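# Working through the structure, step by step
Chain by chain, the residues run as shown.
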Amino acid sequence: MNAPLNRTPLYDLHIKLGAKMVPFAGYEMPVQYPLGVLKEHLHTRAQAGLFDVSHMGQVKLIGKGAAAALESLVPVDIIDLPAGQQRYALFTDEHGGILDDLMVSNFGDDVLYVVVNAACKEQDIAHMRRHLAGQCEVVELTDRALLALQGPAAATVLARLAPAAAELTFMQNAQLELAGFACYVSRSGYTGEDGYEISVPSEHAAELARRLLAEAEVEAIGLGARDSLRLEAGLCLYGHDIDTGTTPIEGSLLWALSKNRRPGGERAGGYPGADVVARQLADGVAKKRVGFIVKDKVPVREGAEITDANGKLIGQVTSGGFGPSFAGPVGMGYVATEYAAVGTLLFATVRGKPVAIEVAKTPFVPQRYYRG
Amino acid sequence: MSQIPAELKYVESHEWLRLEANGVVTVGITHHAQELLGDVVFVELPKVGAVLARDEQAGVVESVKAASDVYCPIAGEVVAVNEGLEAAPEQANEEPYGEGWFFQIKPANVADLDGLWTAEQYAKEIGA
């Protein structure tokens, strides 16, 4: 645990901006800047925020067999993913548990581009190398940084650097020159807002970040606000809301399973744990991930127990906190399936006392993805 | 820079104390404490009438990031709590020594104040 922490290519810039740095997934990362988590969160929803997410893993899968090969590891249609499109996917294990969640883009010409979580990247790359050997090349892109520009002004800002960026719609990607640097740009993110994720050569990352921060609408945003933004957007944080102890069905991620990979589909199954997922689809599951709002002002945080009105333990909170845009505490967690219906009144235990919560639809704030 | 008013007393757990003219002591969290916490979004205050020992847990302050305990910096009985702070917890950030006070306590022994840190000692402790 005492291994030296890695630094992203933006480390010096974070320090110059006055960031408070914390260890995260083996990296020294900015948790907040002088603006503070609350204002950073609100600024992102009002204008645009720039995030350093260079700790995440970027991988190319290269070769004619790449799409079919990757399909053997995820319950998602990769073969029919059009060039220029991105899709959310999950690596599953033989029990149907979730090994990681990831984004897959088709760059065309038999190249897939994959972004995985920082904490899982070594394991994910080993997993791909082990299972995809002989079918495609697995190339970790250690020479690229990753930035996210998120918020309603993101498109206007990025169009100043590359007008074509404005033409992308949600979950499309393109290789664009930004400030003269060859970038992979996708219209996606982790905030519920319109925005982009930008892969840039490491040696140019700080310059591109400075160019974006020079735009009046853009503020640097730390991991603290990244977490509260994704929570309000109802998006899962791997290792908290989903992990190897939860399947895509228990995790309420059925939407991420492509129709043609589900039972009865033309390429049904064929990924680790497909039998478990098929059985759960047929028979139901004992627990489910739900969102909840708090009927009081007290934040309900990860780890809190969830009980029914009689004090019977029926679940646990996996993410929770104050939602600055929602203007109140929100969270998500797992509950026994009979308690998972929206509107169900439950209790979370905070400092030994029951706090009333209500199962609620996510996202907690409207999504504002740009769908054209 | 942290603000550390010279006329107040301080304790290690980052609460400040002010002896009022009527003999009660007003308690809050320091400017430094609110800087460490970040944006305060929720406070839980003690009950009026509660008799608390020195360093006993008196309440909770929660920021966007995390929850922290607030401790009673002097033994006594809670005689008032700042209900305005429950409604507008951001006052703990904006005016930690003013509208952002937490509770008032009637000290069991007012001389206990003498043993607490001065502004100068607190500044030294936090490296301000």
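Keep in mind that this is a model prediction, so the values were computed, not measured.

Attention shifts here to the interface of chain B and chain A. Contact with chain B, which involves 14 residues of that partner, is made by 13 residues of chain A. Across the chain B/chain A interface, buried area totals approximately 1200 Å², and carbon plus sulfur atoms make up 50% of it. When the area that chain B buries against chain A is broken down by residue, the three leading residues are B:Asp39, B:Val64 and B:Lys65, summing to 41%. The tally of links between chain B and chain A comes to four salt bridges. Its salt-bridge partner being B:Glu62, residue A:Arg351 comes within 2.9 Å of it at the nearest N-O pair. Counting across the chain B and chain A interface gives ten residue pairs in polar contact (both at pLDDT 80 or more). Partitioning the side of chain B that touches chain A into residue classes produces eight nonpolar, one polar and five charged.

Okay, the pattern of salt bridges next. Residues and elements named next belong to chain A. Under the defined criterion, the tally for this structure stands at 23 salt bridges over all chains. Between Glu71 and Arg267 there is a salt bridge; the shortest N-O distance is 2.8 Å. With Glu71 in helix α3 (residues 66-71) and Arg267 in the loop between α7 (223-232) and α8 (274-283), this pair connects stretches of sequence that are 196 residues apart. Here the salt bridges share partners, and the residues they tie into one network are Glu71, Asp77, Asp80, Arg87, Arg261, Glu266 and Arg267.

All names here are of chain A. Within α7, nine of the ten residues are buried, which leaves the element mostly enclosed by the surrounding structure. For α7, the set of buried residues is Leu223, Gly224, Ala225, Arg226, Ser228, Leu229, Arg230, Leu231 and Glu232. Structurally, α7 contributes buried residues whose contacts are with β1 (20-24), β2 (27-32), α2 (37-46), β3 (48-52), β16 (313-323) and β17 (328-336). Just downstream of α7, Gly234 is the residue with a positive phi angle, here 75°.

Our focus in this paragraph is the domain arrangement of chain A. Residues and elements named next belong to chain A. Each assigned domain of chain A is listed here: domain 1 (1-284) and domain 2 (286-365). Of note, the centres of domain 1 and domain 2, computed from C-alpha atoms alone, are 27 Å apart. With 22 residues of domain 1 at the interface, the matching set in domain 2 holds 21 residues. A combined buried area of about 1700 Å² lies between domain 1 and domain 2, and 54% of that area is made up of carbon and sulfur atoms. Considering only the surface of domain 1 that becomes buried against domain 2, Leu231, Glu232 and Glu250 emerge as the three largest contributors, covering 36% of it. Here domain 1 and domain 2 share zero salt bridges between them. At the junction of domain 1 with domain 2, the criterion picks out 16 residue pairs in polar contact (both at pLDDT 80 or more). Elements represented by at least two residues in the side of domain 1 that touches domain 2 include exactly α2 and α7. Grouping the amino acids of the side of domain 1 that touches domain 2 by side-chain chemistry returns nine nonpolar, eight polar and five charged.

Before going further, it helps to examine the nonpolar core. Residues and elements named next belong to chain A. One finds Tyr113, Val300, Ile306, Ile314, Val335, Leu346 and Ile357 to be the most contacted residues of the largest nonpolar core, which totals 38 residues. Two domains share this core, each providing at least three of its residues, namely domain 1 (1-284) and domain 2 (286-365). If we skip the residues at most four places from it in the chain, Ile314 touches Ile306, Thr307, Asp308, Tyr334, Val335, Ala336, Tyr339 and Leu346. Of all hydrophobic cores here, the second largest spans 30 residues; its members include Ala153, Cys183, Tyr196 and Leu208.

Residues and elements named next belong to chain A. One can describe the packing of helix α5 (residues 154-161) onto helix α6 (residues 202-213) by two numbers: an axis separation of 10 Å at closest approach and a directional angle of 120°. Looking at the two axes, α5 sits oblique to α6. Relative to α6, α5 is oriented so that their crossing is right-handed. Counting all contacts with α5, which are made through Val157, Leu158 and Leu161, the residues of α6 involved are Leu208, Arg211 and Leu212. Here the contact of α5 with α6 is built from residues that sort into five nonpolar, no polar and one charged.

Further remarks concern the environment of B:Gly100. Residues and elements named next belong to chain B. Here Gly100 shows up in the loop between α3 (91-94) and β9 (103-107). Take Gly100: its relative accessible area is 1%, and that puts it in the buried class. Between the alpha carbons of Gly100 and Val41 there is a distance of 12 Å; along the sequence they are 59 residues apart. For Gly100, the contacting residues outside a window of four places in its chain are Asn82, Leu85, Gln91, Ala92 and Glu95.

This brings us to a negative patch on the surface. Taken together, B:Glu90, B:Glu94, B:Glu95 and B:Glu99 make up a surface patch of like negative charges. Summarising the element assignment, B:Glu94 is placed in helix α3.

Conventions used here
- Residue numbering note: each chain is counted from 1, following its sequence as written.
- Chain A is the first chain written and ligand 1 is the first ligand written, with later ones labelled in order.
- In view of the model being predicted, local features appear only for residues whose pLDDT reaches at least 70, and side-chain atom pairs are presented and counted only at 80 or more, with totals across whole chains, interfaces and linings using the full set of residues.
- Processing note: side-chain calculations cover all non-hydrogen atoms of the structure and skip hydrogens and water entirely.
- The contact definition used throughout considers only heavy atoms, calling two residues in contact when any of these lie within 4.5 Å.
- By buried area we mean the combined loss of accessible area, with a 1.4 Å probe, across both parts when two parts are placed together.
- One speaks of a salt bridge when a side-chain nitrogen belonging to Lys or Arg is within 4 Å of a carboxyl oxygen belonging to Asp or Glu.
- Polar contacts, as used here, are pairs of N or O atoms within 3.5 Å; protein pairs need one atom able to donate a hydrogen and one able to accept it. Residues neighboring in sequence count only if both atoms are side-chain atoms.
- When residues are grouped by polarity, Ala, Val, Leu, Ile, Met, Phe, Trp, Tyr, Cys and Pro land in nonpolar, Asp, Glu, Lys and Arg in charged, and all others, Gly among them, in polar.
- We count a stretch as a helix when DSSP gives it H or I for four or more residues in a row; a strand needs E for two or more, and each element gets its number in order from the N terminus.
- Buried means the residue's accessible area, taken with a 1.4 Å probe over protein chains only, is under 20% of the maximum for its type, while exposed means over 50%, and partly exposed covers the values in between.
- For the purposes of this description, domain bounds are those given by an automatic or database domain assignment.
- Throughout, nonpolar core names a set of buried Ala, Val, Leu, Ile, Met, Phe, Trp, Tyr and Cys residues whose side chains join them through atoms within 4.5 Å.
- Where helices are involved, their axes are fitted lines through C-alpha atoms of the stretch in contact, as for all axes, and angles between N-to-C directions lie from 0 to 180°.
- If an angle is under 35 degrees, it is roughly parallel; if it is over 145, roughly antiparallel; if it lies from 65 to 115, roughly perpendicular; otherwise it is oblique.
- Whether a crossing is left-handed or right-handed is set by the direction in which the near helix is turned from the far one by less than a right angle, anticlockwise for left-handed and clockwise for right-handed.
- Patch membership needs two things, relative accessible area over 30% and no salt bridge, and members are linked within 9 Å if like-charged or within 5 Å if nonpolar (Val, Leu, Ile, Met, Phe, Trp, Tyr).
- Each accessible area is a Shrake-Rupley result for a 1.4 Å probe, and residues are judged covered by the shown protein chains and nothing else.
- Just so you know, the count uses Lys and Arg for positive and Asp and Glu for negative, and it drops His and the chain ends.
- By convention, the charge on Lys lies at NZ, on Arg at CZ, on Asp at CG and on Glu at CD.

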